[in-house]
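One-letter residues, chain by chain:
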Amino acid sequence: MRHVAIVGSGPAGYYTAETLQKSADVAVDVIDRLPVPYGLIRTGVAPDHQSIKAVSRRYEGVALTDNVRFVGHVSVGSDVGIDELVDLYDAVILATGAPNDRPLDIPGAALPGVIGSAAFVGWYNGHPDFADLDPPLDAPGVAVIGNGNVALDVARILAKTAQEFAGSDIVAHARDALSTSAVRHIHILGRRGPHQIAMTPKELGELAHLERASPRVDPTDLPPEGDDAMLEPGMRKSVSHLRGFAANPVAKPVTIDFDFFAMPVAIEGDGRVQRVIVERTALDADLTSRGTGETYAIDVGLVIACIGYQTPPIPGVPYEHGRGRFANDDGRILPGLYCVGWARRGPSGTIGTNKPDGARVAEMVLDDMGGGTGKAGRAGLDALLASRGVTPVTFRDWRRIEEAEVRAALGGNPREKFVTIDAMLGAIGR
Ligand code: NAP
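Here is what the cut-offs are and how they apply
- Residues numbered from 1 in each chain as written.
- Predicted model: local features only at pLDDT ≥ 70, side-chain atom pairs only at ≥ 80, totals over all residues.
- Heavy atoms only, no water.
- Near = heavy atom within 4 Å.
- Polar contact = N/O pair within 3.5 Å; in protein donor to acceptor, adjacent residues only side chain to side chain.
- Areas by Shrake-Rupley, 256 points an atom, 1.4 Å probe, with all protein chains shown as cover.
- Helix = DSSP H or I, 4+ residues; strand = E, 2+ residues; numbered from the N terminus.
- Nonpolar A, V, L, I, M, F, W, Y, C, P; charged D, E, K, R; others polar.
- Salt bridge = Lys/Arg side-chain N within 4 Å of Asp/Glu carboxyl O.
- Buried < 20%, exposed > 50% of the residue type's maximum accessible area, 1.4 Å probe, protein only.
- Pairing = 2+ DSSP bridges.
- Axes fitted to C-alpha atoms, helices over the stretch in contact; angles between N-to-C directions.
- Contact = heavy atoms within 4.5 Å.
- Phe/Tyr/Trp six-rings, centres within 6.5 Å; stacked < 30°, edge-to-face > 60°.
- Core = buried A, V, L, I, M, F, W, Y, C linked by side-chain atoms within 4.5 Å.
- Domains from an automatic or database assignment.
- Buried area = accessible area lost by both parts, 1.4 Å probe.

**Student:** Please provide a residue-by-residue account of the site of the ligand, values included.
**Tutor:** Taken together, 21 residues lie near the ligand, and N147, R191, R192, E203 and G349 sit nearest. Within the backbone of V150, a nitrogen or oxygen atom sits 3.1 Å from an oxygen atom of the ligand. For the ligand, the protein covers 80% of the area, taking 920 Å² as the surface of the free molecule. Per-element accounting of the shell around the ligand gives the leading share, 3 residues, to helix α7 (residues 149-159). Across the shell around the ligand, the residue classes tally to 9 nonpolar, 7 polar and 5 charged.

Structure representation (structure tokens):
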């Protein structure tokens, strides 16, 4: 038998396992620090995007194959060391994603009320690390920094009514807080222009169909329409949505303003955020932004930085600080140690991007492993964890947790998630 450990049970982890499990002589352990699987599918993908979350059924199929095992509630770094895993398995693949926010490096960024998208998204999605976030929703203005799909998710969630969450799995604490929110003016701040957004058409188009909120674009920010011809088709479609928002402003109680050429340079407030200072930008020939010196202030009670993510470093594992990912050569980190998904390439692409990525890294690992070297694999891990008093959560356990979440769902919703590790473990009698 050849033994592979995958650290992280999100899309990258399970797509990699999917290819590996096709070799009958490979035993795969998918290890996760949470008692629940699926990573970003559970805690990153927006709760009102259930069709994207449905891919977890595919991962479940992989998890239920004979040679794949879920080892939940085991922290690599504290319960077991990475060096120990490398000793025990023929290959260790880090599929740890990029769960940390890239820091917003401007004065005032540490003020209460300034948060990163990992925290905010984790809060409304019930990630145990962020269940207590309690974001301030008591002021009309919110600044959402960044022009990617996460900024769109965040703006949409802030703008929706309670009724618009029907059929979603937004967690109760977020549903309740948002239903009494005072937020009325959401400013999406992009430091570059409409042709430089990283937003996809479907997600942009959704903004036109919100019950009480409408998107607004200043027509003077848009480049001449003829310039759209040079864009690739997806971007052209996205920009056409922006043109539609500019041409057809709709009056609704909540506004979502696209502030282009708008670079936040400072955040100010007395004990908490009260305003963000924005500098107007212009684009250089290489399409990077440069400040023009002209500034303005926007009154806000909450700033959410959606400016990208990074992979947390692991002591002893080479790391590329500038890019926030493990230093790797196409997935190879060190002999026997690999990475895949966002931990390999940085936080880009959609869930589906991880499928070919996982397959490629899995094929490479299979090649590198050859016939295996008779390592202890899962029996060795079990013995080590038992000696430390660590009892992993199995996939069967997870299904009991899942059943309890489904039972607790409000009418029409798919589930009501447990938001603490204690509650998850409580559902399986621990
Ligand atoms: P992203 O697509 O990389 O966008 C990050 C945005 O932040 C960019 O507009 C960037 O502007 C801006 N930014 C970076 N540093 C900044 C700074 N210091 N000040 C101001 N702005 C700054 O990242 P993301 O939105 O976090 O998304 C991550 C990945 O997940 C993407 O591939 C995304 O498509 C994917 N995703 C997909 C979906 C979906 O398919 N529904 C949903 C969510 C996320 P510049 O361009 O100027 O650098």
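Additional details are given in the paragraphs that follow.
**Student:** So, the pattern of salt bridges: which residues are in play, and what are the values?
**Tutor:** Considering all chains together, one arrives at 34 salt bridges under this definition. The partner of D169 in a salt bridge is R415, with the nearest N and O atoms 2.6 Å apart. In this pair, D169 sits in the loop between α7 and α8 (172-179) while R415 sits in the loop between α14 (395-407) and α15 (421-426), placing the two residues 246 residues apart along the sequence. In this structure, D357 and R344 form a salt bridge, with 3.0 Å as the shortest nitrogen-oxygen distance. Residue D357 is located in helix α12 (residues 354-369), and its partner R344 is located in helix α11 (residues 342-345); the two are separated by 13 residues in the primary sequence. This pair shows no difference in class: D357 is buried, exactly as R344 is.

**Student:** Break down the pairing of strand β10 (residues 254-259) for me, with residues and values.
**Tutor:** Within β10, 6 of the 6 residues are buried, leaving the element largely enclosed by the surrounding structure. Here β10 shows two buried faces, one formed by V254, I256 and F258 and the other by T255, D257 and D259. Note: strand β8 (residues 185-189) against β10, 5 bridges, orientation parallel. Paired with I188 across the strands is F258, a residue of β10. Of the pairings in the sheet, the one linking strand β9 (residues 213-217) to β10 comprises 5 bridges and is parallel in character.

**Student:** An account of the sheet that holds strand β4 (residues 91-94) is needed here, citing residue identities and associated values.
**Tutor:** Ordered in space as β3-β2-β1-β4-β19-β18, the 6 strands form an open sheet in which the pairing is mixed. Because the sheet does not close on itself, it has two edges, and the strands there are β3 (68-71) and β18 (332-334). Each neighbouring strand pair of the sheet contributes to a mean axis angle of 25°, computed without reference to strand direction. Taken together, the 4 bridges between strand β2 (residues 26-31) and β3 define a ladder with parallel strand orientation. Following the sheet pairing, I31 is matched in β3 by V71. Sheet strands touched by helix α13 (residues 377-387): β1 (2-7), β2 and β3. Its angle to β3, the strand with the most contacts, is close to 20°.

**Student:** Which residues make up the packing of aromatic side chains, and what values go with them?
**Tutor:** Aromatic ring pairs are reported here in terms of the distance separating the ring centres and the angle at which the planes meet. This structure, assessed with the given rule, holds 12 aromatic pairs. Plain terms: the ring middles of Y38 and W398 are 6.0 Å apart, the flat faces sit at 90° to each other, and that makes the pair edge-to-face. With Y38 in the loop between β2 and α2 (39-43) and W398 in helix α14, this residue pair connects regions lying 360 residues apart in the sequence. Of the two residues, Y38 and W398, neither departs from the other in class, the shared state being buried. Here the aromatic rings of F120 and Y124 are separated by 5.4 Å at their centres, their planes lie at 85°, and the arrangement is edge-to-face.

**Student:** Which residues make up the sheet that holds β10, and what are the values?
**Tutor:** In spatial order, the strands read β6-β14-β7-β8-β10-β9; together these 6 strands make up an open sheet with parallel pairing. Every other strand in the sheet has two partners, leaving β6 (114-116) and β9 as the edge strands with one partner each. Neighbour-to-neighbour, the strand axes of the sheet open up by a mean angle of 20°, direction not taken into account. In this sheet, strand β14 (residues 302-305) lies alongside β6 in parallel orientation, the contact comprising 3 bridges. Bridge pairing in β14 places V114 opposite V303. Along the sheet face, α7 touches β7 (141-145), β8, β9, β10 and β14 and points at about 180° away from the line of β8. Together, β9 and β10 form the strand contacts of helix α10 (residues 233-247), whose direction differs from that of β9 by roughly 100°.

**Student:** Describe in detail the nonpolar core, supporting the description with residues and values.
**Tutor:** In terms of nonpolar packing, the biggest core is built from 51 residues, with L158 and F258 touching the most fellow members. The greatest single-element share of this core, amounting to 7 residues, is contributed by α7. The two domains that each donate at least three residues to this core are domain 1 (2-99 + 310-426) and domain 2 (103-305). By size, the runner-up hydrophobic cluster in this structure holds 40 residues, among which are A12, A95, I351 and M424.

**Student:** Which residues make up the domain arrangement of the chain, and what are the values?
**Tutor:** For the chain, the assigned domains are domain 1 (2-99 + 310-426) and domain 2 (103-305). Contact residues are listed per partner, giving 26 residues for domain 1 and 28 residues for domain 2. Across the domain 1 to domain 2 interface the summed buried area is about 2,000 Å²; carbon plus sulfur atoms make up 50%. Interface area lost by domain 1 to domain 2 is led by P47, D48 and V419, which between them contribute 29%. Between the two partners, domain 1 and domain 2, sit 7 salt bridges. The residue R175 makes a salt bridge to E416 at a minimum N-O spacing of 3.1 Å. Viewed at the interface, domain 2 and domain 1 are joined by 16 residue pairs in polar contact (both at pLDDT 80 or more). Of the residues that constitute the side of domain 1 that touches domain 2, the class distribution is 11 nonpolar, 8 polar and 7 charged.

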